[in-house]
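Structural features, examined
Here's the letter readout for the chains.
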Amino acid sequence: MTTATPLAARHPDVTERALVACDIDGTLVRTGHPVRPAVRAAAAKVRAAGHHIVLATGRSLTGAIPVALQLGLQDAWIVASNGAITAHLIDGHYEITEQHLVDTEIAVRVALRTTPGVRIAAEIPGDGYRVNLPFPEGQLNGVQNSVRALEELWSHPTPRLAMHDPAAYRLVPDLQAHGLTAVAPQGRSDWIDVTANGISKATALEKIRALLGVEDYDTVSIGDSDNDLEMLEWATCGIAMGHAPAHVRAAADTVTGTIDDDGAASALLSLLD
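Residues numbered from 1 in each chain as written. Predicted model: local features only at pLDDT ≥ 70, side-chain atom pairs only at ≥ 80, totals over all residues. Heavy atoms only, no water.

This brings us to the pattern of salt bridges. If you walk through the whole model with that rule in mind, you get eleven salt bridges. For Arg109, the salt bridge is made with Glu105, and the minimal N-O distance between the two is 3.1 Å. Taken together, the residues Arg109 and Glu105, both in helix H4 (residues 104-114) and four residues apart, mark about one turn of the helix. Residue class for Glu105 comes out partly exposed when judged on its relative accessible area of 31%. (Salt bridge = Lys/Arg side-chain N within 4 Å of Asp/Glu carboxyl O. Helix = DSSP H or I, 4+ residues; strand = E, 2+ residues; numbered from the N terminus. Buried < 20%, exposed > 50% of the residue type's maximum accessible area, 1.4 Å probe, protein only.)

Structure follows, in structure tokens:
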């Protein structure tokens, strides 16, 4: 396993303030668990050194904010829903600064044509979801609002759809063929997230980088899954978690420890060496 290389060592002209983009599930936390003390402490040191920590996650904004608060982020940017939502968090309050809407009707019709029993959730930013069928407890962050007719799923704009079914992964090619972005979280074949074409964590992070005035060579990203691939390639220093699949590790510049090893903490601290 290769350890994370300090950014300054890779690029001697690096400035004092870097943008450090961190995935949440499988990177900062194990899904369903809080941030571990080692990760929290490492994040605090990175922030104290003047660097920007940006959360970049497939989670909804509702699911991302508690992690930001656990990390002590009081003035921070969050990329949620795989890049479909960008929000600015200040002292526990957030403002959505940008969102990209998905063509919900096409996605729903494509999914139900081949998988009639698929559960579909249309995200309501900052609140919850509209669902055609109830999702199992713990699978969605926020309130589930059951619709009476399918048309209610697309009658209100949404930035992201979540689809849940034992064979959900089979929907990916059809959805992509209709110009949609469809990705599965790491290690799950029963779940896919659907967003607009061309949207990724990287597209949102690039706008945040420019807004913060961070040089493009002062960018770091840490992730573990397919929805982190663009982000790992976007950053000057892309760091993959040690438990990430081989193709994700291959896309990164370096590899840190696994989530059980607090690999994210090691990666964060390496930036201060």
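Taking burial as the measure, the five residues of strand E12 (residues 219-223) include five buried ones, the bulk of the element. The pairing of strand E1 (residues 19-22) with E12 spans four bridges and is classified as parallel. Bridge pairing links Val20 to Val220 in E12. Across four bridges, the pairing between E12 and strand E13 (residues 237-240) is parallel. Each residue of the ladder has a partner; that of Val220, found in E13, is Cys237. Handedness of the crossover joining E12 and E13 through helix H8 (residues 229-234) is recorded here as right-handed. (Pairing = 2+ DSSP bridges. Right-handed = clockwise from strand over helix to strand, strands pointing away.)

The next subject is the confidence of the model for the chain. Do not read the predicted coordinates in detail wherever pLDDT is low. On average, residues of the chain score 92 in pLDDT, and 94% of them reach the 70 mark or higher. Here residues 1-15 scores under 50 on pLDDT; set against residues more than four positions off or in separate chains, the count is 37 contacts. (pLDDT = per-residue confidence, 0-100. Contact = heavy atoms within 4.5 Å.)

This next bit is on helix H7 (residues 201-212). Between its first and last C-alpha, H7 extends 16 Å over twelve residues, near the 16 Å set by a 1.5 Å rise per residue. Of all the residues in H7, the buried ones are Lys201, Ala202, Ala204, Leu205, Ile208 and Arg209. Each buried residue of H7 lies within a common arc of 155 degrees when the element is viewed along its axis, so the set occupies one face. Residues of H7 that are buried in the fold lie against E1, strand E2 (52-56), strand E3 (75-80), strand E4 (85-90), E12 and H8. N-cap assignment for H7: the residue whose side-chain oxygen lies 3.2 Å from the backbone N of Ala202 is Ser200. (Expected span 1.5 Å × (residues − 1). Arc of directions from axis to C-beta. Polar contact = N/O pair within 3.5 Å; in protein donor to acceptor, adjacent residues only side chain to side chain.)

Before going further, it helps to spend a moment on helix H3 (residues 61-70). Restricting attention to buried positions, one finds in H3 the residues Leu61, Gly63, Ala64, Ile65, Val67 and Ala68. Of the surrounding secondary structure, the elements contacted by the buried residues of H3 are E2, E3, E4, strand E5 (93-99) and strand E6 (119-124). Directly beyond the C-terminal end of H3, a positive phi value near 75 degrees is found at Gly72.

The subject of this paragraph is the layout of surface pockets. One number sums up the size of the largest pocket: a volume of about 720 Å³. Lining the largest pocket are 28 residues, with Asp25, Thr31, Arg59, Pro185 and Arg188 sitting closest to its centre. (1 Å grid on protein atoms, 1.4 Å probe; cavity = no way out; pocket = protein on both sides within 12 Å on 5 of 7 lines; lining within 4 Å. Points joined across faces, edges and corners; volume = space filled by probe spheres on them.)

Attention now goes to the state of the cysteines. A complete count under the given rule lists zero disulfides for this structure. Here Cys237 is not disulfide-linked; the sulfur of Cys22 is the nearest cysteine sulfur, at 12 Å. On the basis of relative accessibility, which here comes to 0%, the residue Cys237 falls in the buried class. (Disulfide = S-S within 2.5 Å.)

Every other side chain in a regular strand lies on the same face of the sheet, so the side chains alternate between the two faces. Most of E4 is tucked away, with five of its six residues classed as buried. Of the strand pairs in this sheet, E3 and E4 are connected by six bridges, and their pairing is antiparallel. Pairing of Val79 across the sheet is with Thr86, part of E4. Where E4 lies against E5, six bridges are found, and the strand directions are antiparallel.

Located in the positive-phi region is Ser81, a residue other than glycine, with phi close to 55 degrees. Here Ser81 shows up in the loop between E3 and E4. Here Ser81 falls in the buried class, since its relative accessible area comes to 0%. Positive phi outside glycine occurs at Asn82, with the angle close to 60 degrees. Here Asn82 is to be found in the loop between E3 and E4.

Relative to the helices and strands, Arg170 is located in the loop between strand E9 (161-164) and helix H6 (172-177). Overall, the relative accessible area of 59% leaves Arg170 in the exposed class. Separated by 122 residues in the primary sequence, Arg170 and Ala48 place their C-alpha atoms 45 Å from one another. Looking at Arg170, its side chain comes within polar contact range of the side chain of Tyr169, at 3.2 Å.

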